[in-house]
Amino acid sequence: MRFKSFPALLLLALALPAAAAERPNVLFILCDDLRPYALGCYGSPHVRTPNIDRLAAEGVRFQNSFCTTSLCSPSRASILTGLYAHHHGVRDNFTELPAQLPHWASRLHEAGYATAYLGKWHMGEENDMPRPGFDYFVTHKGQGKYFDTEWNVNGNRAGVIPGYYTTIVTDMALDWLKRDHAGKPWALCIGHKAPHSFYFPEKKYEDSFDSVRVPYPQTAFELDDKPAWIKERLYTWHGIYGPLFEWRKKFPDDRPEAVKDFENMVHAYWGTILSVDDSVARLVDYLKSTGELDRTIILLMGDNGLLEGEHGMVDKRTMHEPSIRIPLIVRFPPLTREPRVIGQQVLTLDIAPSILELCGAAPIEKIDGHSWVKLVREGDAAWRKSWLYEYNYEKQFPYTPNIRGVRTDEWAYMHYPHGDGSPDRHLGELYNVKDDPEERHNLFKERAFAGKLAEVQAELARVMAGSGLTPENDRMPLDEGIKKELPDQKIR
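Since this is a predicted model, take the numbers as computed values, not measurements.

K.L.:
How do you make sense of the pairing of strand β15 (residues 403-408) when you look at a structure like this?
P.N.:
Regular strands place side chains that alternate from one sheet face to the opposite one. Most of β15 is tucked away, with six of its six residues classed as buried. Neither face of β15 is left uncovered, since the one carrying Ile403, Gly405 and Arg407 and the one carrying Arg404, Val406 and Thr408 both have all their residues buried. As paired strands, β15 and strand β16 (residues 411-415) are joined by four bridges and run antiparallel to one another. Directly across from Arg404, in β16, lies its bridge partner His415. Between the end of β15 and the start of β16, which pair antiparallel, lie two residues.

In structure tokens, the structure reads:
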């Protein structure tokens, strides 16, 4: 029998996958439409989230994390694949994630991980069947409901499972964690419905914020220097005088006293988040009880931000700060044993390469995102200073134009292509977000900032070209303008 030399044995050992006990588990918690400032650790004065806050206090909180398309399906596809929307192809809420595209969960599956996805998937409105890369897959068609959702469990239609969505999906997650995974490390993805509209808290939280007054934000009334389409949106499905996801029954209504409907909507939104915090407590308690807490990467984030009255708007889609900002919290002691707040701009695109690096799995080649592991551990002088925002006009939700924009550390520039190569028909927007974080003063037409405008326009062209998006291949729909009709009931 021939024995390999010691160097050869060492190389062989290094080439083999690490033992399961040495590879971290992954608990990925994705919330829907979660504003950072609706969490205690991001500064909410009203919403108490002690369990989520504890993750941040024991790990990393990214202060400036963003989505690159503020819409559920495109953002979820970017989180999984590390790609911009124009690369992964999921440009709206009705498109499937291409089955051939690798994503971080499928990479972990190939590396020997047990993988599961439970909850809202929302890429393919009418498809609730299992997707590639997961051993176990539980979801539903469309948005699901806060109470009594109809589920498909690993390809078998289970019918309506009575109960509150957040509780049910947490029950299913704990059941899966308790299974025998044959010694494999595991990666569990939980897709919460909360806090997506329509907002319905658990009964125990229905009245949690009754004493809190919620006025329209001041920026809702500071629209004189904004593009006309923002004013036109005020009375639509996505405006503060519209139906407010059915919290306002008679609309449009711009009477001052109608702010009560807005207040009720925000209270309900906050209430759904309290149940997510309860879910985090249950999951962390289980990991503690099994001794797996400190060898599990716990990552909690939102898929996109949410406008709650800012600039007179609700929903998301736009490139304004509340629409693109997301919370991102990571607890994993081998990443950092001291709590840290990271100020650099990180993106949905960065999740895939970061998780794969932490797990020692093969990277996905030719992606747009970058791992933030070095950034967290030691700093990264080469970290990005700017990035691309993209959104395509939707005929199903005709309340937001096409958007191509660039966000730097200090500036935000948005322009609104018509879609046929002709000049923009909407006023552009330019903000100094360092000095004007609420984007109150549009500097687009200010002569004193003409040089800065030219600079950020050049930077937009640069980041677009760097991501392979050129005027020749940048396909987008024709902007048909802001419309007043409500979206189809089935896709709200």
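Next, the rest of the story.
K.L.:
What should I look at first to understand the nonpolar core in this one?
P.N.:
Side chains of nonpolar character tend, in soluble globular proteins, to be buried together. Formed by 151 residues in total, the largest nonpolar core has its most connected members in Phe28, Trp104, Leu108, Leu188, Ile351 and Trp372. For this core, the leading source of residues is helix α8 (residues 259-289), giving 14 residues. Residue contacts for Leu108: discarding those within four places in its chain leaves Val26, Tyr113, Ala187, Ile355, Leu356, Cys359 and Ala361.

K.L.:
Before we go on, may I ask you to explain the pattern of salt bridges in this structure?
P.N.:
Note that side chains of opposite charge can pair when their charged atoms are close. Scanning the model with the defined rule gives 37 salt bridges in all. In this structure, Glu222 and Arg440 form a salt bridge, with 2.7 Å as the shortest nitrogen-oxygen distance. With a gap of 218 residues between them, Glu222 in the loop between β7 (186-191) and α7 (228-233) and Arg440 in the loop between β17 (429-432) and α12 (450-466) connect regions that are remote in the sequence. Taking the relative accessible area as the measure of exposure, Arg440 reaches 25% and is therefore partly exposed. If you follow the salt bridges from partner to partner, you end up with Asp33, Asp315, Lys316, Arg317 and Glu394 in one network.

K.L.:
Would you explain the packing of helix α2 (residues 50-57) against α8 in this entry?
P.N.:
The description of two packed helices rests on the angle between their axes and on the distance between the axes. At a closest axis distance of 7 Å, the pairing of α2 and α8 adopts a crossing angle of 60°. Here α8 runs oblique to α2, going by the angle between their axes. Packed against α2, whose contacting residues are Pro50, Asn51, Ile52 and Leu55, the element α8 presents Val276, Asp277, Val280, Ala281 and Val284 at the interface.

K.L.:
Could you clarify how one ought to interpret the pairing of β16 in this entry?
P.N.:
Counting buried residues along β16, five of its five residues qualify, which places the element largely inside the surrounding structure. In terms of strand pairing, β16 meets β17 through four bridges, oriented antiparallel. Bridge pairing in β17 places Trp411 opposite Asn432.

K.L.:
Please clarify how the packing of aromatic side chains should be interpreted in this entry.
P.N.:
Any aromatic ring pair is given by two values, namely how distant the centres are and how the planes are angled relative to each other. Taken as a whole and judged by the stated rule, the model has 26 aromatic pairs. Both rings, one in Tyr216 and one in Phe221, keep their centres 6.1 Å apart while their planes meet at 70°; by these two values the pair is edge-to-face. We classify Tyr216 as buried; its relative accessible area is 11%. A residue is classified by how much of its surface remains accessible, and Phe221, at 47% relative accessible area, is partly exposed. An aromatic cluster of three or more residues is present, and its members are Phe198, Tyr199, Trp237, Phe245 and Tyr269.

K.L.:
Looking at this model, I keep getting lost on the environment of Ser44. Mind explaining?
P.N.:
Tracing the sequence through the fold places Ser44 in the loop between β1 (25-31) and α2. On the basis of relative accessibility, which here comes to 7%, the residue Ser44 falls in the buried class. Once you skip the residues sitting within four places of it in the chain, Ser44 turns out to touch Tyr37, Ala38 and Leu39. There is a polar contact of 3.2 Å between the side chain of Ser44 and the backbone nitrogen of His46. Looking at Ser44, its side chain comes within polar contact range of the main-chain nitrogen of Val47, at 2.9 Å.

Definitions and limits used
Residues numbered from 1 in each chain as written. Predicted model: local features only at pLDDT ≥ 70, side-chain atom pairs only at ≥ 80, totals over all residues. Heavy atoms only, no water. Buried < 20%, exposed > 50% of the residue type's maximum accessible area, 1.4 Å probe, protein only. Helix = DSSP H or I, 4+ residues; strand = E, 2+ residues; numbered from the N terminus. Pairing = 2+ DSSP bridges. Core = buried A, V, L, I, M, F, W, Y, C linked by side-chain atoms within 4.5 Å. Contact = heavy atoms within 4.5 Å. Salt bridge = Lys/Arg side-chain N within 4 Å of Asp/Glu carboxyl O. Axes fitted to C-alpha atoms, helices over the stretch in contact; angles between N-to-C directions. Parallel < 35°, antiparallel > 145°, perpendicular 65-115°, else oblique. Phe/Tyr/Trp six-rings, centres within 6.5 Å; stacked < 30°, edge-to-face > 60°. Polar contact = N/O pair within 3.5 Å; in protein donor to acceptor, adjacent residues only side chain to side chain.

So far we have only geometry, and geometry alone does not tell us how the molecule works.
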